[in-house]
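# Per-entry structural report
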Amino acid sequence: MTHKITLIPGDGIGPEVTKATVRILEATGLKFEWETFQAGAEAYEKYHEYIPKELLDSIDRNRVALKGPVTTPVGGGFASINVALRKKFELYANFRPIRNLPHIPTRYPDVDLIILRENTEGLYSGIEHEVVPGVVESLKIITEKASTRIARFAFDYARKNGRKKIHAIHKANIMKMSDGLFIRCSRNVSKEYPEITYGEHIVDNTCMQLVMNPYQYDVLLLENLYGDIISDLCAAFVGGLGFVPGANIGDQHAIFEAVHGSAPDIAGKNMANPTAVLRSSLLMLRHIGEHEAALRIRNALEKVYRDREKLTRDVGGKAGTSEFADHIIEAMQTADIENAAQSSRA
């Protein structure tokens, strides 16, 4: 079987880290057909569109995409490519698992958190206008449909994956109507899953509680802005954004992406760490049913992280981006040989 995947290399270090990831994925022996498109400033130079129609058609056709980082200008320029793609394909669930890698020094070992964020509305609806000069209004949109949909996604995930506890995070003490609707929908859905403990925490208290003791949480269910902020906070527990994967999932389509920036200062220097894109690709493999290949890569990745010499320089190693990929492929091949030898002895 050949998997047709839309590939968006991104800009800055994006082409390097996605190239390394593609090499590792193909080393599993799986067959891929990559349809590669640019987005953002580079796409505009070529197509005079920030998101070319050909890219949208490819995602619509393939239903799965792997994406590198794309820079979004701050305070001007074009709108977020990420937000536009999420809205276009109704990718309502932003999924970020937060788990440690070996030998990455952090304050908290053995963190295992799932961040599930509503991805299509809230303050990120992008509905803004200038009321009078010097006064800008931004609308926060919360709907029963979207709130119920993300809550059900969270509880379904928890049930299927043996997670025991979900906290809905809100500011309903102040935003009584919008955040109030979000938690009412979460409560209603929770009643259908009696085996899962349900709780609610106010967002500012949640930030403090996380920093004091992240182990008290299991799955966090959040609306858009809170989820964006808290998922980055939680990434710090495992070393930063360069180590965490991301997925944007809808009923028909899914885009898997690194959540870190494009780091233009080191672009083209074979220095970038592809771990975040690689871990995102493991979520992609599981999404398309290739669980064994995902496990092989995960085990190889963790084996490489136990040998500091084989890591990229940002984590104390000496490897470049391409050499890091070589080490993971070698670790997979070594494990395959060892497993074959054990099977023959059995």
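Below: a short report on this structure. Remember, it's a predicted structure, so these values are computed and weren't measured experimentally.

Cut-offs used in this document
- For every chain, the first residue of the written sequence is number 1, and numbering continues from 1 along that sequence.
- Per-residue local features are limited, in this predicted model, to residues with pLDDT of at least 70; the limit for side-chain atom pairs, both in listing and counting, is 80 or more; totals at the level of whole chains, interfaces and linings are taken over all residues.
- Note that water and hydrogens are dropped before the side-chain values are worked out from all heavy atoms of the structure.
- We define a nonpolar core as any set of buried Ala, Val, Leu, Ile, Met, Phe, Trp, Tyr and Cys residues linked to one another through side-chain atoms lying within 4.5 Å.
- The buried label applies to any residue whose accessible area, calculated with a 1.4 Å probe on protein chains only, is under 20% of its type's maximum; exposed applies above 50%, and partly exposed to all values in between.
- The contact criterion used is simple: two residues touch if any of their non-hydrogen atoms lie within 4.5 Å.
- Between rings of Phe, Tyr and Trp, where Trp is taken as its six-membered ring, a pair exists when centres lie within 6.5 Å; planes separated by under 30 degrees are stacked, by over 60 edge-to-face, and by other angles tilted.
- Between Lys or Arg on one side and Asp or Glu on the other, a salt bridge is scored when a side-chain nitrogen of the former is within 4 Å of a carboxyl oxygen of the latter.
- Secondary structure elements follow DSSP: runs of H or I no shorter than four residues count as helices, runs of E no shorter than two count as strands, and numbering proceeds from the N terminus.
- Here, a disulfide means two cysteine sulfur atoms that sit within 2.5 Å of each other.
- Interaxial angles span 0 to 180 degrees and are taken between N-to-C directions of axes, which are lines fitted to C-alpha atoms, for helices over the stretch in contact.
- For classification purposes, angles smaller than 35 degrees are called roughly parallel, those larger than 145 roughly antiparallel, those between 65 and 115 roughly perpendicular, and all remaining angles oblique.
- The nonpolar class holds Ala, Val, Leu, Ile, Met, Phe, Trp, Tyr, Cys and Pro. Asp, Glu, Lys and Arg form the charged class, and all remaining residues, Gly among them, are polar.

## Focus on the nonpolar core
- Trp34, Leu66, Met284 and Leu285 are the most contacted members of the largest nonpolar core, which totals 70 residues.
- In this structure, Met284 is in contact with Ile5, Leu25, Phe32, Trp34, Val64, Leu66 and Phe256, ignoring residues within four places of it in sequence.
- Leu113, Ile115, Leu222 and Cys234 belong to the second largest nonpolar core, which has 18 residues in total.

## Structural notes on the packing of aromatic side chains
- The tally for this structure, following the rule as stated, stands at 10 aromatic pairs.
- Between Tyr44 and Tyr50, the ring centres sit 4.5 Å apart and the planes meet at 20°, which makes this aromatic pair stacked.
- A relative accessible area of 37% means that Tyr44 is categorised as partly exposed.
- Taking the relative accessible area as the measure of exposure, Tyr50 reaches 32% and is therefore partly exposed.
- A connected cluster of aromatic rings, assembled from ring pairs, spans Tyr108, Tyr215 and Phe237.

## Quick look at the pattern of salt bridges
- One pass over the full model with this rule turns up 20 salt bridges.
- Where Asp326 meets Arg23, a salt bridge forms, and the shortest distance between an N and an O atom there is 2.3 Å. Placement of Asp326 in helix H11 (residues 321–345) and of Arg23 in helix H1 (residues 14–27) is noted, with a sequence separation of 303 residues between them.
- Under the relative-accessibility criterion, Arg23 is labelled partly exposed at 30%.
- Close ionic contact of Glu200 with Arg187 constitutes a salt bridge, the shortest N to O distance being 2.6 Å. Remark: Arg187 occurs in helix H6 (residues 178–190) and Glu200 occurs in strand E9 (residues 197–202); sequence separation between them is 13 residues.

## Some points on the state of the cysteines
- All told, the structure shown has 0 disulfides when counted by the stated rule.
- The closest cysteine sulfur to the non-disulfide-bonded Cys207 is located on Cys234, 8.4 Å from its own sulfur.

## Focus: the packing of helix H7 (residues 203–212) against helix H8 (residues 224–235)
- Close contact between H7 and H8 brings their axes to 11 Å; oriented N to C, the two are set at 10°. By the angle between their axes, H7 is roughly parallel relative to H8. Between H7 and H8, the residues in contact are Val203, Thr206, Cys207, Leu210 and Val211 and Tyr226, Ile230, Leu233 and Cys234, respectively.
- A per-class count over the contact of H7 with H8 returns 8 nonpolar, 1 polar and no charged.

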